[in-house]
Protein chains: 2
Amino acid sequence: MEEKSQQQQDEQFMRLALIEARQAMDEDEIPIGAVVVCKGQVIARAHNLTERLTDVTAHAEMQAITAASAYLGGKYLTECTLYVTVEPCVMCAGAIAWAQLARIVYGADDEKRGFRRYAPTALHPRTNIQDGILAEECAALMREFFQKKR
Amino acid sequence: MEEKSQQQQDEQFMRLALIEARQAMDEDEIPIGAVVVCKGQVIARAHNLTERLTDVTAHAEMQAITAASAYLGGKYLTECTLYVTVEPCVMCAGAIAWAQLARIVYGADDEKRGFRRYAPTALHPRTNIQDGILAEECAALMREFFQKKR
């Protein structure tokens, strides 16, 4: 069997994050999904729940980090990759830094609220960043959501 | 009865945040406490629980924001003030921005992890910031904790 390239693997896990994002959409939440992968295994999945939980902190990434830490029984995710459909905000970037994630992979840029604009040095220096994975699909979900809201 | 000055009120609520911080210390957590005040009433109290919950997101401020939103039944805290014993980190500053808190009051600076260094523009432009309230007491608790840990 041919080994998957890094990009193929990234796309595979981003598709799972997109399933989560679509579930958020179905629940009338801003459609952002996240998964945490550790040694090739998905250990956490989550989607944005800020409306249902009436809680601005209930972003997909925050819940995925909390769930992954609970699964591993440790608060540092140094061997994990976080996949998220949209560029993390400042809050989530701060959480990613505290959790010391090895790598983050995101889909669409968020020029308005993304951490790269407000806190470009917020992440841990060892955290590797990959952007643009399935970016168009990730962005299309967001556009669809906000068009419906108008 | 004489009306309390803003500073007297700030010190009064910071003392409650310090009680929370001391409780964190008793539980062997980094001693940071927070309270949320709405129209003169305390509506949430919390302290750092990252060790007990095995969760880097369980900072005092995050829990206080979650609890205040649950209490009010709305995710925006536009009429609230957050008191916290130590300068918020980037993650917490991001959450404070999303929650649109009217005002934050903190005690000790955190030059290493505080948001002012990494994300000085992370807060909502309308959020008023007051630092230095009971700073020495807030900082002393932190020093005591880290000296014991050495």
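Look above for the structure.
Everything numeric here is computed off the predicted structure, so don't read it as measured data.

A closer look at the pairing of strand 4 (residues 103-108) of chain B
Residue and element names in this part refer to chain B. Extensive coverage of strand 4 is indicated by the burial of six of its six residues. The sheet contact formed by strand 3 (residues 80-86) and strand 4 spans five bridges and is parallel. Counterpart to Thr 81 in the pairing with strand 4 is Arg 103. Following the backbone out of strand 3, through helix 3 (residues 90-99) and into the adjacent parallel strand 4, one traces a crossover that is right-handed.

Notes on the interface of chain A and chain B
If you look at the interface, chain A gives 26 residues, while chain B gives 26 residues. Summing both partners gives a buried area of about 2300 Å² for chain A against chain B, and 71% of it is carried by carbon and sulfur. Two residues, B:Glu51 and A:Lys75, come together in a salt bridge whose shortest N-O distance is 3.1 Å. Across the contact surface, chain A and chain B share six residue pairs in polar contact (both at pLDDT 80 or more).

A closer look at unusual backbone geometry
Trans is the common state for peptide bonds, and a negative phi is the common state for residues other than glycine. All names here are of chain A. Although it is not a glycine, Asp 28 adopts a positive phi angle of roughly 65°. Relative to the assigned elements, Asp 28 resides in the loop between helix 1 (6-26) and strand 1 (33-38). The partly exposed category is assigned to Asp 28, whose relative accessible area is 45%. Of note in the backbone geometry, Gln 100 takes a positive phi value of approximately 55° without being a glycine. The topology assignment puts Gln 100 in the loop between helix 3 (90-99) and strand 4 (103-108).

A short note on helix 1 (residues 6-26) of chain B
Relative to the 30 Å expected for 21 residues at 1.5 Å per residue, helix 1 of chain B spans 30 Å between its end C-alpha atoms, a close match to the ideal helical length. Trailing helix 1 of chain B by a residue or two, B:Asp28 shows a phi angle of about 65°, which is positive.

Structural notes on the environment of B:Ser5
One can find B:Ser5 in the segment before helix 1. Sequence spacing of B:Ser5 and B:Ile104 is 99 residues, and the spatial spacing of their C-alpha atoms is 17 Å.

Quick look at the relation of the copies chain A and chain B
Mapping chain A onto chain B is achieved by rotating through 180° and translating by 0.0 Å along the same axis, at an RMSD of 0.0 Å. What the rotation and shift describe, once combined, is the action of a two-fold rotation axis. It is A:Met91 whose C-alpha, among those of chain A, lies nearest the rotation axis, at 1.9 Å. The residues that chain A uses at the interface reappear at the interface of chain B in 100% of cases, marking a shared surface.

With respect to the environment of A:Thr57
Its place among the elements puts A:Thr57 in the loop between strand 2 (41-47) and helix 2 (60-72). A relative accessible area of 10% means that A:Thr57 is categorised as buried. Linking A:Thr57 and A:Cys92, residues 35 residues apart in sequence, is a C-alpha distance of 8.8 Å. What A:Thr57 contacts, discounting residues up to four positions off in sequence, is A:Met62, A:Met91, B:Met62, B:Ile65, B:Thr66 and B:Ala95. Within the local environment of A:Thr57, its side chain forms a polar contact with the side chain of B:Thr66, the two groups lying 3.4 Å apart.

Overview of the pattern of salt bridges
Where charged atoms from two side chains of opposite charge come close, those side chains can pair. Residues and elements named next belong to chain A. According to the stated counting rule, one finds 18 salt bridges over all chains in the structure shown. In this structure, Glu 137 engages Arg 22 in a salt bridge whose closest nitrogen and oxygen atoms are separated by 3.8 Å. Here Arg 22 lies in helix 1 and Glu 137 lies in helix 5 (residues 135-149), a separation of 115 residues in the sequence. Accessibility expressed as a relative area gives 33% for Glu 137, which makes it partly exposed. Owing to a relative accessible area of 38%, Arg 22 belongs among the partly exposed residues under this scheme. Taken together, the shared-partner salt bridges connect Arg 15, Arg 22 and Glu 137 into one network.

Considerations on the packing of helix 2 of chain A against helix 3 of chain A
Residue and element names in this part refer to chain A. One way to put it is that helix 2 packs onto helix 3 with a least axis distance of 9 Å and a crossing angle of 20°. As summarised for this structure, helix 2 and helix 3 are arranged roughly parallel, according to the angle between their axes. Once helix 2 is placed against helix 3, the crossing between them reads as left-handed. Residue-level inspection shows Glu 61, Met 62 and Ile 65 of helix 2 in contact with helix 3, the latter providing Met 91, Cys 92, Ala 95, Ile 96 and Ala 99. Among the residues making up the contact of helix 2 with helix 3, the classes are represented as seven nonpolar, no polar and one charged.

Points about the packing of aromatic side chains
One pass over the structure, following the stated rule, counts four aromatic pairs over all chains. When the ring of A:Phe145 is compared with that of A:Phe146, the centres are 5.1 Å apart and the planes differ by 90°; the resulting orientation is edge-to-face. Owing to a relative accessible area of 4%, A:Phe145 belongs among the buried residues under this scheme. Aromatic pair B:Phe13 and B:Tyr83: ring centres 5.3 Å apart, planes at 45°, arrangement tilted. Remark: B:Tyr83 occurs in strand 3 and B:Phe13 occurs in helix 1; sequence separation between them is 70 residues. What makes B:Tyr83 buried here is its relative accessible area of 2%.

Calculation criteria
- Residues numbered from 1 in each chain as written.
- Chains lettered and ligands numbered in written order.
- Predicted model: local features only at pLDDT ≥ 70, side-chain atom pairs only at ≥ 80, totals over all residues.
- Heavy atoms only, no water.
- Buried < 20%, exposed > 50% of the residue type's maximum accessible area, 1.4 Å probe, protein only.
- Helix = DSSP H or I, 4+ residues; strand = E, 2+ residues; numbered from the N terminus.
- Pairing = 2+ DSSP bridges.
- Right-handed = clockwise from strand over helix to strand, strands pointing away.
- Contact = heavy atoms within 4.5 Å.
- Buried area = accessible area lost by both parts, 1.4 Å probe.
- Salt bridge = Lys/Arg side-chain N within 4 Å of Asp/Glu carboxyl O.
- Polar contact = N/O pair within 3.5 Å; in protein donor to acceptor, adjacent residues only side chain to side chain.
- Expected span 1.5 Å × (residues − 1).
- Least-squares fit on C-alpha atoms with pLDDT ≥ 70 in both.
- Axes fitted to C-alpha atoms, helices over the stretch in contact; angles between N-to-C directions.
- Parallel < 35°, antiparallel > 145°, perpendicular 65-115°, else oblique.
- Left-handed = near helix turned anticlockwise from the far one by under 90°.
- Nonpolar A, V, L, I, M, F, W, Y, C, P; charged D, E, K, R; others polar.
- Phe/Tyr/Trp six-rings, centres within 6.5 Å; stacked < 30°, edge-to-face > 60°.

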